Amino acid sequence: MSRIQTPRPIRGTQDMLGGTPDNLADRFAHVVDVFERVRKLYGFRRAEVPVFEATAVFARSLGESTDVVSKEMYTFEDRGGDSVTLRPEFTAGIARAYITEGWQQYAPLKVATHGPLFRYERPQKGRYRQFHQIDAEVIGAGEPLADVELLCFADHLLRELGVAEGVTLTLNTLGDAASRDAWRDALVAHFEAHREALSEDSVERLARNPLRILDSKDAGDQAVVATAPGIDDYLTDEAADFFEKVTDGLAAAGVAWTRNARLVRGLDYYRHTAFEFITDRLGAQGTVLGGGRYDGLIENMGGPATPAVGWAAGIERLAMLLDAGGEHRIDAVIALEDDAQVARALASLRALGEAGLSAELVASGSPRKRFDKAAKIPAHALVSIGQRDGAPHLNVRGEGEIAARVEAAVRQAG
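No experiment lies behind these values; they were computed from the predicted model shown.

About the criteria used
Residues numbered from 1 in each chain as written. Predicted model: local features only at pLDDT ≥ 70, side-chain atom pairs only at ≥ 80, totals over all residues. Heavy atoms only, no water. Buried < 20%, exposed > 50% of the residue type's maximum accessible area, 1.4 Å probe, protein only. Helix = DSSP H or I, 4+ residues; strand = E, 2+ residues; numbered from the N terminus. Pairing = 2+ DSSP bridges. Axes fitted to C-alpha atoms, helices over the stretch in contact; angles between N-to-C directions. Parallel < 35°, antiparallel > 145°, perpendicular 65-115°, else oblique. Contact = heavy atoms within 4.5 Å. Nonpolar A, V, L, I, M, F, W, Y, C, P; charged D, E, K, R; others polar. Core = buried A, V, L, I, M, F, W, Y, C linked by side-chain atoms within 4.5 Å. Phe/Tyr/Trp six-rings, centres within 6.5 Å; stacked < 30°, edge-to-face > 60°. Lys NZ or Arg CZ within 6 Å of the ring centre and 35° of its normal. Arc of directions from axis to C-beta.

A. Spotlight on the pairing of strand E5 (residues 109-118). Of all ten residues that make up E5, eight are buried, and the element is covered over most of its length. The pairing of strand E1 (residues 45-46) with E5 spans two bridges and is parallel. Looking at the pairing, Arg45 lines up with Val111 of E5. In this structure, E5 lies alongside strand E6 (residues 130-139), joined through ten bridges in antiparallel fashion. The residue of E6 that forms the bridge with Phe118 is Gln130.

Now the structure itself:
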């Protein structure tokens, strides 16, 4: 018979297993655990939104002409003939739910979520076609204090994860609608005057998304960008005051930041604050967390005019910043050395779980080899259950508080 060919994993996806030398799955879980703990400290409600939505949700929120919509979305027609898309980001789905599910009654609404997202792009370090993010949004709050609170949440999260060293918060303002429109007109005039020096991509952006030229990595584009007008010359008094209140709030909260006057968000519904936490520890993919204020999005999706601000961070990238931490150790491993004592071993396993202690039972294979097999599993305590001189026998090896708790639990279990 011919050998069955096992399908290979899809490019841009990854499999993760806990307890391995790189500990990636455990680091991934740690990021989520810390995020869940910190979001509760700041009063952010847990939200869940579908993995797929009507394509219009993302086309309207991300802009029909953006690369994400035109080149990167996983879009398909379902059996009912409807166009649906796997979510490439969280904000659009949350905004849709805010409108359709009556979440306006909770405004100002602070929500947080995490899970998988999908984009068809070239896989590289820290970037996958199925990737995962943590996400936090404040909807219905137009005050600068909401921006400050959200940034404090992000800063606190990075410190709790132990990755804040070498990570810098970069901050900019896009102004209000009047500021942004005036700046956009000035940028278009500047880039049109230097059209011949722009790359092909930037010439395309000039017609549909000129602010994105400021993001270009092309050397020729960067030379033109270097002499482009800045947002500060076009800020209204109200917009300047908003930005000042954000920076004053960060200073009061002890959150350090630096100004990046070229940091932009290309779509018109973005307003005021734009920010990124960046690091040089991930090569070219230096942003670990980013976001901004998007006061025009919900109105753009058919809802009422609603101010909002949010951020997202890649779980894979945050996990890459964490120390692998060596071997993963469970609290206890139980070696069943005599099958006649299986009931006692199971009672001990349950007692450990009820005491909040992680445990693994080694009860397969030759009873004579189970102890040696269990001893190779990294654990704080090794429990052996068997018989000595015809009588039941229990022994616990290990030192420290966890080993003491393990012994108390298994002995109480009888």
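B. Fine view of the packing of helix H2 (residues 55-62) against helix H4 (residues 91-100). At a minimum axis distance of 9 Å, the contact between H2 and H4 shows a crossing angle of 110°. Here H4 runs roughly perpendicular to H2, going by the angle between their axes. Note on element contacts: H4 touches H2 through Ala92, Gly93 and Arg96, opposite Val57, Phe58 and Ser61. For the contact of H2 with H4, the class distribution of residues is three nonpolar, two polar and one charged.

C. Structural context of the nonpolar core. Counting residues in each nonpolar core, the largest one holds 46 residues, and the members touching the most others are Ile139, Trp183, Leu187, Phe191, Leu214 and Tyr294. Broken down by secondary-structure element, the contributors of at least two residues to this core are H2, H4, E5, E6, helix H6 (177-193), helix H8 (219-225) and helix H10 (297-300). For this core, the element with the highest residue contribution is H4, accounting for five residues. Other than its neighbours up to four places away in sequence, Ile139 contacts Ile94, Tyr98, Ala107, Pro108, Leu109, Tyr294, Ile298, Thr306, Pro307 and Ala308. Counting residues in each nonpolar core, the second largest holds 45 residues, with Ala136, Val148, Leu171 and Leu322 among its members.

D. The sheet that holds strand E14 (residues 379-388), seen in detail. Here four strands make up an open sheet; going across it, the order is E13-E12-E14-E15 and the pairing mixed. In this open sheet, the two edge strands, each paired with only one partner strand, are strand E13 (359-362) and strand E15 (391-397). Strand-to-strand twist in this sheet, taken as the mean axis angle between neighbours without regard to direction, amounts to 15°. The pairing of strand E12 (residues 330-336) with E13 spans four bridges and is parallel. Bridge pairing in E13 links Val333 to Glu360. Across the face of the sheet, helix H12 (residues 342-354) comes into contact with E12, E13, E14 and E15 while running at roughly 175° to E12.

E. Geometry of the packing of aromatic side chains. The final tally for this structure, using the stated rule, is nine aromatic pairs. A centroid spacing of 5.4 Å and a plane angle of 15° characterise the contact between Tyr42 and Phe153, whose relative ring orientation is stacked. Taken together, the positions of Tyr42 in the loop between helix H1 (24-41) and E1 and Phe153 in helix H5 (residues 144-161) put the pair 111 residues apart, joining distant regions of the chain. The interplanar angle of 65° and the centroid separation of 5.2 Å between the aromatic rings of Phe153 and Trp311 together place this pair among those described as edge-to-face. On the criterion of sequence distance, the pair formed by Phe153 in helix H5 and Trp311 in strand E11 (residues 308-314) is long-range, its members being 158 residues apart. For Trp311, a relative accessible area of 2% gives the class buried. In textbook terms, an aromatic cluster arises when at least three aromatic residues are bridged by ring pairs, as seen for Phe35, Tyr42, Phe44, Phe153 and Trp311. Taking NZ or CZ as reference, Arg45 lies 4.6 Å from the ring centre of Tyr106, over its face. Between the NZ or CZ atom of Arg129 and the centre of the ring of Tyr120, over which it lies, the distance is 4.0 Å.

F. Quick peek at helix H13 (residues 367-375). Those residues of H13 lying buried are Arg370, Phe371 and Ala374. All buried residues of H13 project into a common sector of 95° when viewed along the axis, lining one side. More than 90 degrees from the buried face of H13, the exposed residues found are Arg368 and Lys369. Buried residues along H13 sit against E12, E13, E14 and E15.

G. Main features of H2. Counting buried residues in H2 gives six out of eight residues, a clear majority hidden from the surface. Within H2, burial applies to Thr55, Val57, Phe58, Ala59, Ser61 and Leu62.

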